[in-house]
Amino acid sequence: FPFSCLVALPCAAVAVVIKHLSFSSSGLDQSQASLVGIADDSEVVGAAFSSVSFLLGFLIVFRTSQAYTRFWDGCAALCQMQGEWFDVSSCLIAF
């Protein structure tokens, strides 16, 4: 949790600053906004949202797949450990 906060808080701060600059520059006319580099197109916003959504979806699927694989590896290791303990206990009883 602390490491994730160290990663997330600077990103959130940058997002807030960018949004603040976007709102503060909305009073500019189109030529001044293009000089500053602020686009007022809904296409740009849609493309950015689409790419971020794709990236976020890909990361969620990847992480879920990794967690699923780890879960089944743990289940297999648990069953193997149970079999080993059963083998040890049956050897102790037999001898």
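Residues numbered from 1 in each chain as written. Predicted model: local features only at pLDDT ≥ 70, side-chain atom pairs only at ≥ 80, totals over all residues. Heavy atoms only, no water.

This part is about the overall build of the protein chain. If you tally the helices and strands in the protein chain, you get three helices and zero strands. Classification of the 95 residues of the protein chain by burial places 2% in the buried group. A total accessible area of about 8600 Å² is found for the protein chain, and carbon and sulfur atoms account for 74% of it. (Helix = DSSP H or I, 4+ residues; strand = E, 2+ residues; numbered from the N terminus. Buried < 20%, exposed > 50% of the residue type's maximum accessible area, 1.4 Å probe, protein only. Areas by Shrake-Rupley, 256 points an atom, 1.4 Å probe, with all protein chains shown as cover.)

Together, Phe54, Leu55, Phe58, Leu59 and Phe62 make up a nonpolar patch on the protein surface, roughly 560 Å² of accessible area in all. In this structure, Phe54 sits in helix α3 (residues 42–94). (Patch = residues over 30% accessible without salt bridge, like charges linked within 9 Å, V, L, I, M, F, W, Y side chains within 5 Å. Salt bridge = Lys/Arg side-chain N within 4 Å of Asp/Glu carboxyl O.)

Let us now look at the packing of aromatic side chains. This model, assessed by the stated rule, comprises two aromatic pairs. Judged by centre distance (6.2 Å) and plane angle (75°), the ring pair of Tyr68 and Trp72 falls under edge-to-face. One end of the pair is Tyr68 and the other is Trp72, both in helix α3 and four residues apart, which spans about a single turn. Take Tyr68: its relative accessible area is 54%, and that puts it in the exposed class. Each ring, one from Phe71 and one from Trp72, has its centre 5.1 Å from the other, and the planes form 75°; the classification is edge-to-face. Put simply, the rings of Tyr68, Phe71 and Trp72 touch in pairs and so form one group of aromatic residues. (Phe/Tyr/Trp six-rings, centres within 6.5 Å; stacked < 30°, edge-to-face > 60°.)

Quick look at the confidence of the model for the protein chain now. For the protein chain, per-residue confidence averages 80 on the pLDDT scale, and residues scoring 70 or more make up 74% of the total. Averaged over each element, pLDDT in the protein chain is lowest for helix α2 (residues 30–36) (52) and highest for α3 (89). (pLDDT = per-residue confidence, 0-100.)

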